[in-house]
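Each chain, written out:
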Amino acid sequence: MKQLIIFFATCSLTVSFGYSIKPIPQSTARNTSNQIDQYIAAYLQTQDLSANPLIDDATFVRRSYINISGRIPTADEALTFIEGANQDKRRSLVDSLVESDGFNSRMFNFWADLLRLKTSLDKHGVGWHIWIRDAVNKNMPYDDFVNTMLSSQGLATDNPAVGYYLRDRDMLLDNVSNTAQVFLGTQIGCAQCHDHPFDDWTQKQYYELAAFTGNTVYKSDTANHLLRNLVKYSLEKDGTLDQKSKKSGKKRFNQAKKEGKKYFKTYSYLFRDLRKVAISESPDQTLRLPKDYQYNDGEPGDILIPKTPFGESMPDNIPIEQRRQAFADWVTSEQNPLFTKVIVNRLWAEVFGRGIVDPLDDWSDTTRISHPELLDYLCTVMRALDYDTKQFMRILYHTRLFESKVSAEEAEMGGHYNFRGPTLRRMSAEEVYDSFLTLESGNRDNSKNEAFAYRWNSYVQSVDEFFSMSMPDLIQLSEETQSMKQISDSAKSEAAKLRTQARQAEAEGDTDRANNLTKQARQKMLASKKIQTKGKSSIVTNMMQKKTRT
């Protein structure tokens, strides 16, 4: 194990661009994969079993393209490989596929599924989509990838990684459960309502962990600051601000407060979308034990101090603005007993169809590990690679195990698997789709869909332009926005009336009229949404053009 660390330390792992890291030498990958095969062989010997025979070239080229690039090979790609005389052609194929755009696309799908990415979820869903894709393309180290998301805050246009939290907007406790399950392989959801019935997790421990992000508010400090300044500017303009002093008399003071609230309400609709796509910390937001808390280690409504349930302990006096970063650092620490093990096990399952620990996300003190020495070795490799998941998977693809025939027996759920060969798997939906595209159009790995990037860049530009507007222009924009809101609300009201009429028609048995009214209601609602989305952006654009002309 010590020799492995020294061996990796002598390899060139310097950053070439962004997070892209130069591939480790072929000899390093080969020696490491051979060591993995030796662990597998030693285990099989203890079970009086032998490894499955190697597959032929035709099977290998098909398996490699599907597993690494997410599609079948073209006819030319398959024939070129099969007819090639290079004795090292299998390793050369693996190396070329790992560095291909197809591999990046496949890994994006892996992370999108694991993180439950919803691109259609407001604007921030598109931004998070773009951020994840860029992280994969730049080969961002896994620990940095996770840490950046967990510590993220601010406006989505400035930091799209906040999409991780906005994905579960207003569901903080559920987000904590998902974080523990995805990155630490621990299912703690039960402890949200009561002490865990099978593990040592208590409900209070769950809330103490959630307290690291318990001050989260889904608002933009930048947008709120501009909104307050806009209200202040309006009060100054009409002379009301002079009355916002108790020295001016209670009546005039209350009148000024009332006028300020009126302005705030008028302008807040203009900022509504911006205040929804951000994460910030509020000292007034606290996480407390639930009102129905029944255990004797706390009282209902107690304010929680952030604490970790295992691994490194944290000081009790972490400032509010540093808690999210402290949480991210704890999750991604090399000393965290589960962080490295869980990702190593997930990637192993991606390559071979089955994790060393199964299920992948249900680790506990009673977890049975079929190959503990192998798991420890893989963790050492991952740390030595500085969490370069691309090079880690490249090593796994170089193993004899990857070249072996699949095992005929089906692995038992939660039981041990001998890894005489990979498991027999169905192709995923993405693999089937991309394979059909390959049959129809050939290799399309280099084709780029820029639609999401265009949408996101346009949105970011519109937000930047919005924040650069002058106070008078913002006031005018707000007036136009309010007019747009009235039109939108009117369309919604008409749609509600049409739905009521449709229900009455359906009750009377007039199906055709009911369907026609429902269709009209749907059209009204669609028109309302278009006014809210396209109308607002066009107003900003027109305002900026007017500003440029003057």
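Residues numbered from 1 in each chain as written. Predicted model: local features only at pLDDT ≥ 70, side-chain atom pairs only at ≥ 80, totals over all residues. Heavy atoms only, no water.

**What to know about the overall build of the protein**
Along its length, the protein carries 22 helices and five strands. The burial tally for the protein puts 49% of its 550 residues in the buried class. When the accessible area of the protein is evaluated, it comes to approximately 28100 Å², of which 49% is carbon and sulfur surface. (Helix = DSSP H or I, 4+ residues; strand = E, 2+ residues; numbered from the N terminus. Buried < 20%, exposed > 50% of the residue type's maximum accessible area, 1.4 Å probe, protein only. Areas by Shrake-Rupley, 256 points an atom, 1.4 Å probe, with all protein chains shown as cover.)

**Considering the state of the cysteines**
Under the counting rule described, the total for this entry stands at zero disulfides. With no disulfide partner, Cys-193 has as its closest neighbouring cysteine sulfur the one in Cys-190, 8.3 Å distant. (Disulfide = S-S within 2.5 Å.)

**Observations regarding the packing of helix 2 (residues 26–46) against helix 16 (residues 372–384)**
Between helix 2 and helix 16, the shortest axis-to-axis distance is 9 Å and the interhelical angle comes to 165°. Between helix 2 and helix 16, the crossing angle belongs to the class labelled roughly antiparallel. For the pair helix 2 and helix 16, the sense of crossing is left-handed. Contact with helix 2, carried on its side by Thr-32, Gln-35, Ile-36, Tyr-39 and Ile-40, involves Glu-373, Leu-374, Tyr-377, Leu-378 and Val-381 of helix 16 and no other residues of that element. Residues that form the contact of helix 2 with helix 16 fall into these classes: seven nonpolar, two polar and one charged. (Axes fitted to C-alpha atoms, helices over the stretch in contact; angles between N-to-C directions. Parallel < 35°, antiparallel > 145°, perpendicular 65-115°, else oblique. Left-handed = near helix turned anticlockwise from the far one by under 90°. Contact = heavy atoms within 4.5 Å. Nonpolar A, V, L, I, M, F, W, Y, C, P; charged D, E, K, R; others polar.)

**Concerning the sheet that holds strand 3 (residues 154–155)**
Spatial strand order, 3-5-4: three strands in an open sheet with antiparallel pairing. Only two strands of the sheet have a single neighbouring strand rather than two, namely strand 3 and strand 4 (216–217). Examined bridge by bridge, strand 4 and strand 5 (residues 278–281) share two bridges and lie antiparallel to one another. Paired with Thr-216 across the bridge in strand 5 is Glu-281. (Pairing = 2+ DSSP bridges.)

**Side note on the confidence of the model for the protein**
The pLDDT averaged across the protein works out to 85; a share of 89% of its residues lies at or above 70. Per-residue pLDDT stays below 50 along residues 9–17; that stretch engages in 14 contacts with residues further than four places along the chain or on separate chains. Here residues 537–541 is a poorly scored stretch, pLDDT under 50, and it has eight contacts once near neighbours within four places are set aside; other chains count. (pLDDT = per-residue confidence, 0-100.)

**Describing the environment of Arg-106**
Tracing the sequence through the fold places Arg-106 in helix 6 (residues 101–114). Arg-106 gets classed as buried once you look at its relative accessible area, which sits at 10%. The contact partners of Arg-106, leaving out residues within four places of it in the chain, are Ile-66, Asn-67, Ile-68, Ser-69, Gly-70, Glu-350, Met-393 and Tyr-397.

**Some details on the side chain of Arg-346**
Note that Arg-346 resides in helix 15 (residues 339–352). One buried charged residue, Arg-346, forms no salt bridge at all, with the nearest opposite charge on Asp-361 at 4.5 Å. Engagement of the side chain of Arg-346 in a polar contact is seen with the backbone oxygen of Val-182, the distance being 3.3 Å. Setting aside residues up to four positions removed in sequence, Arg-346 forms contacts with Phe-110, Leu-114, Gln-181, Val-182, Leu-360 and Asp-361. (Lys, Arg positive; Asp, Glu negative; His and termini not counted. Salt bridge = Lys/Arg side-chain N within 4 Å of Asp/Glu carboxyl O. Polar contact = N/O pair within 3.5 Å; in protein donor to acceptor, adjacent residues only side chain to side chain.)

**Describing empty space enclosed by the protein**
Applying the stated criterion to the full structure yields three cavities of 30 Å³ or more. Approximately 140 Å³ is the volume found for the largest cavity. Around the largest cavity, the lining residues are Phe-103, Asn-104, Met-107, Trp-111, Ala-135, Val-136, Asn-139, Met-140, Tyr-142, Phe-145, Thr-389 and Lys-390. Secondary structure elements with two or more residues in the lining of the largest cavity: helix 6, helix 7 (122–137), helix 8 (142–150) and helix 17 (389–397). Take the lining of the largest cavity: its biggest share by element is four residues, from helix 6. In terms of residue class, the lining of the largest cavity is built from eight nonpolar, three polar and one charged. (1 Å grid on protein atoms, 1.4 Å probe; cavity = no way out; pocket = protein on both sides within 12 Å on 5 of 7 lines; lining within 4 Å. Points joined across faces, edges and corners; volume = space filled by probe spheres on them.)

**Points about the pattern of salt bridges**
Taken as a whole, this structure holds 15 salt bridges when the rule is applied. In this structure, Asp-57 and Lys-89 form a salt bridge, with 2.9 Å as the shortest nitrogen-oxygen distance. Separated by 32 residues along the polypeptide, Asp-57 in helix 3 (residues 57–69) and Lys-89 in helix 5 (residues 89–98) bring together distant segments of the chain. Under the relative-accessibility criterion, Asp-57 is labelled partly exposed at 22%.

**Focus: a nonpolar patch on the surface**
Among the surface-exposed residues, Met-427, Val-432, Phe-436 and Leu-439 lie close enough to one another that they form a single nonpolar patch of about 390 Å² accessible area. Tracing the sequence through the fold places Met-427 in the loop between helix 18 (400–403) and helix 19 (429–441). (Patch = residues over 30% accessible without salt bridge, like charges linked within 9 Å, V, L, I, M, F, W, Y side chains within 5 Å.)

**Thoughts on the packing of aromatic side chains**
Taken as a whole and judged by the stated rule, the model has 25 aromatic pairs. An angle of 50° between the planes, with centres 5.3 Å apart, marks the rings of Phe-310 and Trp-330 as tilted. Separated by 20 residues along the polypeptide, Phe-310 in the loop between strand 5 and helix 14 (323–331) and Trp-330 in helix 14 bring together distant segments of the chain. Looking at Trp-330, the relative accessible area reads 1%, which means it is buried. Ring centres of Trp-456 and Tyr-459 lie 5.7 Å apart, and the angle between their planes is 40°; on these two criteria the pair is classed as tilted. (Phe/Tyr/Trp six-rings, centres within 6.5 Å; stacked < 30°, edge-to-face > 60°.)

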